[in-house]
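# Descriptive structure summary
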Amino acid sequence: MSVVPVDTTHPDAAVIANAAARLQAGELVAFPTETVYGLGANALDPAAVQRIYAAKGRPAWNPVIAHVPSIDAARALAREWPASAQRLAEAFWPGPLTLVVPKAAHVPDVATAGLDAVAVRVPAHPVALALLRAAAVPIAAPSANRFTQISPTTAWHVVQSLGDRVPLVLDGGPCSVGIESTVVDCTGPEVIILRPGMLGRESLEHVLAPLGIPVRHAVRRIAHDLTALPDGLDAIPRSPGMADRHYAPRADVWLFDTAQRAEIVDALERWHAERPRDGQGAVPVYALVRTGPPDSGDRPLPGHVRQRLMPDDPAAYARTLYGALHDADQANAGLILIEAPPDSPGWDGVRDRLTRAAR
Ligand code: AMP
Ligand code: MG
């Protein structure tokens with residue numbers, strides 16, 4: 001595999017042209033978007049999309065998002081283009097919002113996992129946009145990591161997860177948003193948030209209210225078993241792939257409330273007592289805390305716990321979250337303690353990812 005640095009303000013035309021030619025030829029190319037790094041393939045070429053599934057080990061029932069450079073290019077993939085989609089696209093594209101709309105006949109079933117709807121997005125990253133324009137075909141691009149692992153927010157994360165499964169990685173530096181896009185279903189009379197992200201419900205409501213279109217969150221996600229077709233998939237057809245345990249580091253993950261700090265120290269002692277000794281010394285434990293140094297309380301966390309102070313602002317938190325989880329994975333952490341974010345709307349996307357990581 002080769003990793004090629006690309007200047008984000010002026011992406012090198014030759015590098016972009018080469019990557020676009022590879023995509024047109026059916027190859028995989030990993031590239032930066034503002035959310036996470038994507039593993040791209042020509043969305044209209046079933047064999048190419050199949051290569052994404054193979055490289056990720058992603059189950060066939062989990063559909064991918066088609067990335068395009070403009071609203072017009074998105075509309076070309078849709079059988080119908082709902083008023084809600086038009087309004088949201090005008091307001092938030094390019095940006096971290098994915099719209100699910102009725103699928104046009106020429107979009108291959110493999111890209112939508114057989115669903116009659118297709119997910120489309122115009123990303124804001126200059127490298128992604130340059131690549132999409134040069135490729136001149138829609139690019140299916142799920143996160144560039146093996147299935148169930150943490151999404152990559154740097155080129156190095158891509159290399160660690162996929163290795164030689166991807167021939168070319170464009171390195172555009174760290175992602176500015178840091179968690180996956182907000183996914184909304186625009187196929188019905190209400191807009192339904194299938195996956196929370198940094199673009200929150202209030203922002204969507206604000207632009208859809210004049211059209212009289214309500215916004216709500218999907219009732220419940222599906223599937224604990226990530227490798228087989230989940231039971232009950234038929235019952236909840238809207239968004240396969242919202243699997244519960246996802247975005248997960250290898251370590252155990254415990255979410256704790258700020259008020260539970262003292263209990264965490266006890267629980268940590270029990271966790272250590274119950275762990276089989278492997279003769280390698282203490283297994284690293286990470287603590288991602290938010291409200292201040294964790295050992296400022298009455299009962300300090302044990303000294304071997306590697307503490308990391310996370311930002312107390314949702315956008316900055318999202319930007320650093322996956323990097324922190326990757327670091328813990330790299331250090332073979334056995335346990336990651338995470339101070340839960342506040343239960344307020346701006347934190348929806350972050351809370352969603354943390355809850356899944358903790359399952
Ligand atoms: P990602 O893994 O970031 O590429 O996001 C893909 C996710 O978007 C899938 O796991 C689905 O949950 C959702 N998605 C993609 N396509 C569709 C679709 N046609 N209908 C409903 N949800 C979709
Ligand atoms: Mg993913």
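Secondary structure assignment for the protein chain yields 11 helices and 15 strands. Going through the 359 residues of the protein chain one by one, you find that 55% of them count as buried. If you take every contact in the protein chain between residues at least 6 apart in sequence, the share linking residues at least 24 apart comes to 68%. Summed over its atoms, the accessible surface of the protein chain is roughly 14700 Å², and 53% of this surface lies on carbon and sulfur atoms.

Attention now moves to the sheet that holds strand E1 (residues 2–5). Ordered in space as E1-E8-E2-E3-E7-E4-E6-E5-E9-E10-E11, the 11 strands form an open sheet in which the pairing is mixed. At either end of the open sheet lies a strand with only one pairing partner, and these are E1 and strand E11 (215–217). Relative to strand E9 (residues 182–185), strand E5 (residues 97–102) is paired through four bridges, and the arrangement is parallel. From the neighbouring strand, Val100 faces E9, where its bridge partner is Asp185. Across the face of the sheet, helix H7 (residues 155–162) comes into contact with E1, strand E2 (29–31), strand E3 (38–42) and strand E8 (168–171) while running at roughly 160° to E8.

This paragraph deals with the packing of helix H4 (residues 83–92) against helix H8 (residues 201–208). Relative placement of two packed helices is described by the angle separating their axes and the distance separating the axes. Contact geometry for H4 and H8: axes closest at 10 Å, N-to-C directions at 115°. Relative to H8, H4 is oriented so that their crossing is right-handed. Residue-level inspection shows Ser84, Arg87, Leu88, Ala91 and Phe92 of H4 in contact with H8, the latter providing Ser203, Leu204, Val207 and Leu208.

Here we take up helix H10 (residues 314–330). Working note: α-helix, 3.6 residues per turn, so residues spaced by three or four point in the same direction. With 17 residues, H10 extends 24 Å between its outermost C-alpha atoms, agreeing within 8% with the 24 Å of an ideal straight helix rising 1.5 Å per residue. Helix geometry: H10 is bent most strongly at Thr320, by close to 35°. In terms of burial, H10 is largely enclosed, as 12 of its 17 residues are buried. Among all positions of H10, only Pro314, Ala316, Tyr317, Ala318, Leu321, Tyr322, Gly323, Ala324, Leu325, His326, Ala328 and Asp329 are buried.

What follows deals with the confidence of the model for the protein chain. In the predicted model, the protein chain carries a mean pLDDT of 89, and the fraction of residues at 70 or more is 89%. Per-residue pLDDT stays below 50 along residues 221–237; that stretch engages in 32 contacts with residues further than four places along the chain or on separate chains.

The subject of this paragraph is the pattern of salt bridges. By the definition in use, this model includes 16 salt bridges. Measuring nitrogen to oxygen at the nearest pair gives 3.8 Å for the salt bridge that ties Arg290 to Glu339. Of this pair, Arg290 sits in the loop between strand E13 (285–289) and strand E14 (305–309) while Glu339 sits in strand E15 (residues 335–339), and the two are 49 residues apart along the sequence. Using a relative accessible area of 8% as the deciding quantity, one classes Arg290 as buried. Via salt bridges that share partners, Glu180, Asp352, Arg353 and Arg356 belong to a single interconnected network.

Turning next to unusual backbone geometry. Looking along the chain, the bond that leaves Trp93 and enters Pro94 is cis, with omega of -5°. A positive phi angle is found at Ala136, which is not glycine, with a value near 60°. In this structure Ala136 comes out as exposed when scored by relative accessible area, which is 65%. Unlike most non-glycine residues, Thr148 shows phi in positive territory, near 75°. By the element assignment, Thr148 lies in the loop between strand E7 (139–140) and H7.

If you look at the biggest cluster of nonpolar residues, it comprises 51 residues, and the most contacted ones within it are Trp81, Leu88, Leu99 and Val120. Residue contributions to this core peak at five residues, all from helix H2 (residues 46–56). Excluding residues that lie within four positions of it along the chain, Leu88 makes contacts with Trp93, Leu97, Leu99, Val184, Cys186, Val191, Leu204, Val207 and Leu208.

Okay, the pairing of E8 next. Both E1 and E8 contribute to a ladder of four bridges, which runs parallel. Bridge assignment links Ser2 to a residue of E8, and that residue is Leu168.

Take empty space enclosed by the protein next. In this structure the tally under the stated criterion is three cavities of 30 Å³ or more. Reported here for the second largest cavity is a volume of approximately 40 Å³. Along the walls of the second largest cavity sit Ala43, Leu44, Val64, Ile65, Ala66, Leu77, Val107, Ala111, Val118, Ala119 and Ala140, which together make up its complete lining. The set of elements that each furnish at least two residues to the lining of the second largest cavity consists of strand E4 (65–67) and strand E6 (117–121).

All told, the structure shown has two aromatic pairs when counted by the stated rule. Between Trp81 and Trp93 the ring centres are 6.3 Å apart and the planes differ by 45°, which places this aromatic pair in the tilted class. Pair noted here: Trp81 is in the loop between helix H3 (71–75) and H4 and Trp93 is in the loop between H4 and E5, with a separation of 12 residues, a long-range link. The residues Trp81 and Trp93 share a single accessibility class, namely buried.

Cut-offs and rules
The written sequence of each chain sets the order in which its residues are numbered from 1. Chain letters and ligand numbers both follow the written order, the letters beginning at A and the numbers at 1. Since the coordinates come from a predicted model, pLDDT governs what is reported: local features require at least 70, and pairs of side-chain atoms require 80 or more to be given and counted, while whole-chain, interface and lining totals use all residues. Excluding hydrogens and water, the side-chain figures rest on all heavy atoms present in the structure. Secondary structure elements are defined from DSSP: runs of H or I of at least 4 residues count as helices, runs of E of at least 2 residues count as strands, and each element is numbered from the N terminus. Relative accessibility decides the category of a residue: with a 1.4 Å probe and only protein chains considered, values under 20% of the type maximum give buried, values over 50% give exposed, and everything between is partly exposed. Any pair of residues with heavy atoms lying within 4.5 Å of one another is described as a contacting pair. Values of accessible area rely on a 1.4 Å probe in the Shrake-Rupley scheme; residue burial ignores everything except the protein chains shown. Strand pairing is assigned whenever DSSP identifies at least 2 bridges connecting the two strands. Lines fitted to the C-alpha atoms define the axes, with helices restricted to the stretch that makes contact. Angles between their N-to-C directions range from 0 to 180 degrees. Left-handed describes a crossing whose near helix is turned anticlockwise from the far helix by less than a right angle; the clockwise case is right-handed. By this rule the span expected of a helix is its residue count minus one, scaled by 1.5 Å. Working definition for bend: take the seven residues up to and ending at a residue and the seven starting at it, fit an axis to each, and measure the angle between the axes. Each residue carries a pLDDT value, the predictor's own confidence for that position, ranging from 0 to 100. Between Lys or Arg on one side and Asp or Glu on the other, a salt bridge is scored when a side-chain nitrogen of the former is within 4 Å of a carboxyl oxygen of the latter. As used in this record, nonpolar core signifies buried Ala, Val, Leu, Ile, Met, Phe, Trp, Tyr and Cys residues forming a set joined through side-chain atoms within 4.5 Å. Lining residues are those with an atom within 4 Å of a point, where the points come from a 1 Å grid over the protein atoms alone and group into cavities, where a 1.4 Å probe fits but cannot get out, or pockets, open sets with protein on both sides within 12 Å along at least five of seven lines. Grid points are joined across faces, edges and corners, and a volume is the space filled by probe spheres set on the points. Here a Phe, Tyr or Trp ring, Trp counted by its six-membered ring, pairs with any other such ring whose centre lies within 6.5 Å, and the pair is stacked when the planes are under 30 degrees apart, edge-to-face when over 60, and tilted otherwise.

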